Amino acid sequence: MSGTGDWPLAWGTPVGTARVAVSPEDFQVDERLGFAPTGDGPHLLVRIRKRGLTTQQAVQQLAGHWQVERRAMGYAGRKDRQAVTTQWLSVPWPVNAPLAPLGRVVDQDGQALDVIDVQRHRRKLPVGALTGNRFTLTLRDVDAAPRDIAARLVTIARHGVPNYFGGQRFGRHGQNLDRALNWLAGGERPRSRNDRSMLISAARSAMFNAVLARRIDAGDWSQPRPGDLLVLDGRGSLFAAEAAETAFNRRRAAGLRIHPTGPLPGATNRRQPQTAALIERESAVLQDWAAVIQALADQRVTADRRALRLSVAALAGWRMAPGTWRLRFELTRGAYATMVIRELVEAVND
């Protein structure tokens, strides 16, 4: 049973090779909240720029510097450590106190982050409260014909890419997934609440990837089939694909307006009724995972769905110099830029 294997590609063999994220500056991520600060209230929305720090480390560093309770702080999403990223945090703050200052924050170990914007807000920032992320990636030592790169970028922009969970979801060498399967089989328990959440995510992500891989092999990962549960692009509302609307749904799917979905298994979600055909198809893929799914249900994890396809918005790519390309694009929350890159080039980092 594996969730971190060589998942099938949608658009054929990569057009060449490249070194990806050679330095943190080669992998830049800007978080998009999708709403404006309220301008008043007992919290601050703080936009930071970090390099070489996880989101948890950045939160801890800012909590210590401003002497606020770590647990009362919030963030919308976690950002990569080996990257230059901007993101928003919420910080509890007295309503009568002046705003926290902008500028660099350095801890006792010399780790630094920059506070680049501070505004008042009425509530703590919850996980998931973002619309997506904007990426700027630099590919180095590219060994591919420019015309082939350009053609593949057009395909990706027009048709999207498989919405796999990236390898980082499973931990180094799949360790998070191994730990999750061990725990759910009655082994060592998670060390903390956050650890539990991470292990549950690893198990569910592996099952989702397995279903997506099977649909790619079948050639219908991006096309609605009767009985599918579909989702509007960038939204969370699900609806069933009716046989009478097949042609209509296919036109909408061709325009990247809707996508088929795959399972994030757990206890039955009564708000997401599934057809017998969909249950049968996905159960056939996940039959070896039956005990894991039951264990997740016993842990009161509720089943959910995720789009099988990922739209790649505002995609642009250009050659900066021989062997060096820069890409820019936007993805919805929970999506992995590495899944875009793997459909373009094979990473050959040492």
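Residues numbered from 1 in each chain as written. Predicted model: local features only at pLDDT ≥ 70, side-chain atom pairs only at ≥ 80, totals over all residues. Heavy atoms only, no water.

K.L.:
So what exactly am I meant to see when it comes to the overall build of the chain here?
P.N.:
The helix and strand tally for the chain stands at 8 helices and 17 strands. Over its C-alpha atoms the chain spans a radius of gyration of 21 Å, differing by no more than 12% from the 20 Å that the globule rule assigns to 350 residues. Along the first, second and third principal axes, the C-alpha atoms of the chain reach 60 × 55 × 40 Å. Expressed as a percentage of the 350 residues in the chain, the buried residues total 47%. Partitioning the contacts of the chain with sequence separation of at least 6, the portion at a separation of at least 24 is 78%. As displayed, the chain has an accessible area near 17600 Å², and 47% of this comes from carbon and sulfur atoms. Charge separation in the chain, taken as the distance between the mean sites of 49 positive and 33 negative side-chain charges, equals 5 Å. (Helix = DSSP H or I, 4+ residues; strand = E, 2+ residues; numbered from the N terminus. Rg over C-alpha atoms; globule rule 2.2 N^0.38 Å. Buried < 20%, exposed > 50% of the residue type's maximum accessible area, 1.4 Å probe, protein only. Contact = heavy atoms within 4.5 Å. Areas by Shrake-Rupley, 256 points an atom, 1.4 Å probe, with all protein chains shown as cover. Lys, Arg positive; Asp, Glu negative; His and termini not counted. Charge placed at Lys NZ, Arg CZ, Asp CG, Glu CD.)

K.L.:
I would appreciate a short explanation of the nonpolar core in the present structure.
P.N.:
Looking at soluble globular proteins, one finds that nonpolar side chains tend to be buried together. Of all hydrophobic cores here, the largest spans 33 residues; its most connected members are Tyr164, Phe170, Leu184, Leu212, Trp289, Val292 and Leu296. Among the elements that line this core, the one with the most residues is helix α4 (residues 193-218), at 11 residues. In terms of nonpolar packing, the next biggest core, distinct from the first, is built from 27 residues, Val29, Trp325, Ala335 and Val340 among them. (Core = buried A, V, L, I, M, F, W, Y, C linked by side-chain atoms within 4.5 Å.)

K.L.:
Whenever I open this one, the pattern of salt bridges confuses me. Can you help?
P.N.:
Opposite charge on two side chains makes pairing possible when the charged atoms of those side chains draw close. All told, the structure shown has 14 salt bridges when counted by the stated rule. Here Glu25 ties to Arg51 by a salt bridge, and the two come within 2.6 Å at their closest N and O atoms. Here Glu25, found in the loop between β1 (17-20) and β2 (27-32), pairs with Arg51, found in strand β3 (residues 43-51); they are 26 residues apart in sequence, far enough to count as distant. Accessibility expressed as a relative area gives 43% for Arg51, which makes it partly exposed. One salt bridge connects Glu330 with Arg134, and the closest N-O pair in it is separated by 3.1 Å. With Glu330 in strand β16 (residues 324-332) and Arg134 in strand β8 (residues 132-143), this residue pair connects regions lying 196 residues apart in the sequence. Its relative accessible area of 36% is what places Arg134 among the partly exposed residues. The structure contains a network of salt bridges with shared partners spanning Arg215, Asp220, Arg225, Asp228 and Arg281. (Salt bridge = Lys/Arg side-chain N within 4 Å of Asp/Glu carboxyl O.)

K.L.:
Just checking my understanding: could you explain the layout of surface pockets for this structure?
P.N.:
Empty space among the atoms can be located by rolling a probe the size of a water molecule over them. The space that makes up the second largest pocket amounts to roughly 730 Å³. Among the elements of the structure, α8 (337-341) and β17 (346-347) are those that each provide at least two residues to the lining of the second largest pocket. The element contributing the most residues to the lining of the second largest pocket is α8, with 3 residues. A breakdown of the residues in the lining of the second largest pocket according to their chemical character gives 10 nonpolar, 7 polar and 4 charged. (1 Å grid on protein atoms, 1.4 Å probe; cavity = no way out; pocket = protein on both sides within 12 Å on 5 of 7 lines; lining within 4 Å. Points joined across faces, edges and corners; volume = space filled by probe spheres on them. Nonpolar A, V, L, I, M, F, W, Y, C, P; charged D, E, K, R; others polar.)

K.L.:
Can you help me understand helix α3 (residues 175-184) in this one?
P.N.:
Because each turn of an α-helix spans 3.6 residues, side chains separated by three or four positions end up pointing in the same direction. Taken together, the buried positions of α3 are Asn176, Leu177, Ala180, Leu181, Trp183 and Leu184. Taken down its axis, α3 places every buried residue within 160° of arc, on the same side. Two residues or fewer after α3 comes Gly186, characterised by a positive phi angle close to 105°. (Arc of directions from axis to C-beta.)

K.L.:
What am I meant to see in the packing of α3 against α4 here?
P.N.:
Helix-helix packing is described using two parameters, namely the angle between the two axes and the distance between the axes. The geometry of α3 relative to α4 is characterised by a closest axis approach of 8 Å and an angle of 100° between their N-to-C directions. When the interaxial angle is binned, α3 and α4 end up roughly perpendicular. Between α3, through Asn176, Leu177, Arg179, Ala180, Trp183 and Leu184, and α4, the contact on the second element is made entirely by Asp195, Arg196, Met198, Leu199, Ile200, Ala202, Ala203 and Ala206. (Axes fitted to C-alpha atoms, helices over the stretch in contact; angles between N-to-C directions. Parallel < 35°, antiparallel > 145°, perpendicular 65-115°, else oblique.)

K.L.:
Would you mind showing me how to read the sheet that holds strand β13 (residues 304-307) here?
P.N.:
Backbone-to-backbone hydrogen bonds join strands into a sheet, with any given pair of strands oriented parallel or antiparallel. Read across the open sheet, the 4 strands follow the order β11-β10-β12-β13; overall the sheet is antiparallel. Unpaired on one side and paired on the other, β11 (238-240) and β13 mark the two borders of the sheet. The sheet shows a mean angle of 50° between the axes of neighbouring strands, taken without regard to direction. Across 4 bridges, strand β12 (residues 258-264) lies against β13 in antiparallel orientation. (Pairing = 2+ DSSP bridges.)

K.L.:
What am I meant to see in the environment of Thr136 here?
P.N.:
As for its position among the elements, Thr136 is in strand β8. Separated by 190 residues in the primary sequence, Thr136 and Arg326 have C-alpha atoms spaced 7.1 Å apart. Contact partners of Thr136, with chain neighbours within four places excluded, come to Asp26, Phe27, Gln28, Arg326, Leu327 and Arg328.

K.L.:
Quick question: what am I supposed to make of helix α5 (residues 246-254) here?
P.N.:
Within the span of α5, buried status applies to Asn249, Arg252 and Ala253. Down the axis of α5, the sector holding all buried residues measures 100°, keeping them to one side. Opposite its buried face, α5 presents the exposed residues Arg251 and Ala254, each directed more than 90 degrees away. Buried-residue contacts for α5 involve β10 (229-232), β11, β12 and β14 (309-310). Directly after α5, the chain includes Leu256, whose backbone phi takes a positive value near 60°.

K.L.:
Help me out: how do you make sense of empty space enclosed by the protein in this one?
P.N.:
Per the counting criterion, the structure on display carries 1 cavity of 30 Å³ or more. The volume enclosed by the largest cavity comes to roughly 40 Å³. Lining the largest cavity are Pro224, Arg225, Pro226, Ala241, Glu242, Glu245, Thr246 and Asn249.

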